[in-house]
Amino acid sequence: MNRYNAYPYRIPGGVGFYAMIRLCRDSEPSPVMGTGDRPKVFGSEGEAAKECLKHMVAFMNGREIRGETFDLVKPVTAARARAEQLFLGGGRVVEVVR
């Protein structure tokens, strides 16, 4: 389901290589497209692998992950401070009698 994959794929007939990429939103890997809605053909396996890496890093760095914030200090409200006192000790104690 949420899997990634990127690899060079040799074109049958020895013409070159495709850079195949599968992102989490795709069901099957697809080639990197060039001009005119045609797959981009690379001369060597290394060039295709380099293009795969470039596209994967661009995809992962180009979107925010929900909830990814790094606040060093969060302001504490008075209500939260009172609630933390109750649950962490130091608050009032309620005895239960049966």
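Conventions we followed
Within every chain, residues take consecutive numbers counted from 1 along the sequence as written. The predicted origin of the model limits local features to residues at a pLDDT of at least 70 and limits the giving and counting of side-chain atom pairs to 80 or more, whereas totals for whole chains, interfaces and linings rest on all residues. Processing note: side-chain calculations cover all non-hydrogen atoms of the structure and skip hydrogens and water entirely. In this scheme, strands are said to pair when DSSP sees at least two bridges between them. Numbering of helices and strands runs from the N terminus, with a helix taken as a DSSP run of H or I at least four residues long and a strand as a DSSP run of E at least two residues long. Residue contacts are counted whenever heavy atoms from the two residues lie within 4.5 Å of one another. Axis definition: a line fitted to C-alpha atoms, limited for helices to the stretch in contact. Angles are taken between N-to-C directions and run from 0 to 180 degrees. Accessibility here uses a 1.4 Å probe with only protein chains present; expressed as a share of the type maximum, an area under 20% marks a residue as buried, one over 50% as exposed, and anything in between as partly exposed. Only four residue types enter the tally: Lys and Arg on the positive side, Asp and Glu on the negative side, with His and both chain ends excluded. A side-chain nitrogen of Lys or Arg and a carboxyl oxygen of Asp or Glu constitute a salt bridge if their distance falls within 4 Å. The definition of a polar contact used here is a pair of N or O atoms within 3.5 Å, where within protein one atom must be able to donate a hydrogen and the other to accept one, and adjacent residues in sequence count solely through side-chain atom pairs. Only the six-membered ring of Trp is used, alongside the rings of Phe and Tyr, when aromatic pairs are assigned; centres must lie within 6.5 Å, and planes under 30 degrees apart are stacked while those over 60 apart are edge-to-face, with the rest tilted.

A.B. asks: Where do I start with the sheet that holds strand E3 (residues 30-31) in this structure?
C.D. replies: Neighbouring strands of a sheet are bound in pairs by backbone hydrogen bonds; such pairs are parallel or else antiparallel. Taken together, three strands build an open sheet; the order of strands is E1-E2-E3 and the sheet is antiparallel. Of all the strands in the sheet, just strand E1 (5-10) and E3 have a single pairing partner and so form its edges. Where E1 lies against strand E2 (residues 17-22), six bridges are found, and the strand directions are antiparallel. Within E2, the position partnered with Arg10 by the bridge is Phe17. Sheet strands in contact with helix H1 (residues 45-61) are E1 and E2, and its direction is about 25° off that of E2.

A.B. asks: Got a minute to help me understand the side chain of Arg22 in this structure?
C.D. replies: Along the chain, Arg22 turns up in strand E2. Buried Arg22, no salt bridge; nearest opposite-charge side chain is Glu28, N-O distance 6.6 Å. There is a polar contact of 2.8 Å between the side chain of Arg22 and the backbone oxygen of Arg3.

A.B. asks: Any chance you could explain the packing of aromatic side chains here in plain terms?
C.D. replies: The way to describe two aromatic rings as a pair is by their centre distance and the angle between their planes. Applying the stated criterion to the full structure yields two aromatic pairs. Ring geometry for Tyr9 against Tyr18: centres 6.5 Å apart, planes inclined by 20°, an arrangement best described as stacked. According to the relative accessible area criterion, Tyr18 is partly exposed, its value standing at 21%.

A.B. asks: Can you help me understand the environment of Phe42 in this one?
C.D. replies: Residue placement: Phe42 occurs in the loop between E3 and H1. Separated by 24 residues in sequence, Phe42 and Tyr18 place their C-alpha atoms 6.3 Å apart. Sequence-distant contacts of Phe42, that is, excluding residues within four places in its chain, are made with Gly16, Phe17, Ala19, Glu47, Ala48 and Glu51.

A.B. asks: Help me out: how do you make sense of the side chain of Glu51 in this one?
C.D. replies: With respect to the helices, strands and loops of the structure, Glu51 is situated in helix H1. Owing to a relative accessible area of 10%, Glu51 belongs among the buried residues under this scheme. Sequence-distant contacts of Glu51, that is, excluding residues within four places in its chain, are made with Ala19, Val32, Lys40 and Phe42.

A.B. asks: Help me understand unusual backbone geometry in this model?
C.D. replies: Glycine aside, residues mostly have negative phi angles, and peptide bonds mostly take the trans form. Positioned with a positive phi, Asp37 is a non-glycine residue whose angle comes to about 55°. Looking at the element boundaries, Asp37 is found in the loop between E3 and H1.

A.B. asks: Could you clarify how one ought to interpret the pattern of salt bridges in this entry?
C.D. replies: Where charged atoms from two side chains of opposite charge come close, those side chains can pair. As enumerated under the stated definition, the model contains two salt bridges in all. Notably, a salt bridge pairs Lys40 with Glu51, separated by 3.9 Å at the nearest N-O pair. You can see Lys40 sitting in the loop between E3 and H1 and its partner Glu51 sitting in helix H1, a full eleven residues away along the chain. In this structure Lys40 comes out as partly exposed when scored by relative accessible area, which is 35%. In this structure, Glu51 and Lys54 form a salt bridge, with 3.6 Å as the shortest nitrogen-oxygen distance. Residue Glu51 and its partner Lys54 are both found in helix H1; the two are separated by three residues, about one turn of the helix. In the salt-bridge network here, residues are joined through shared partners; they are Lys40, Glu51 and Lys54.

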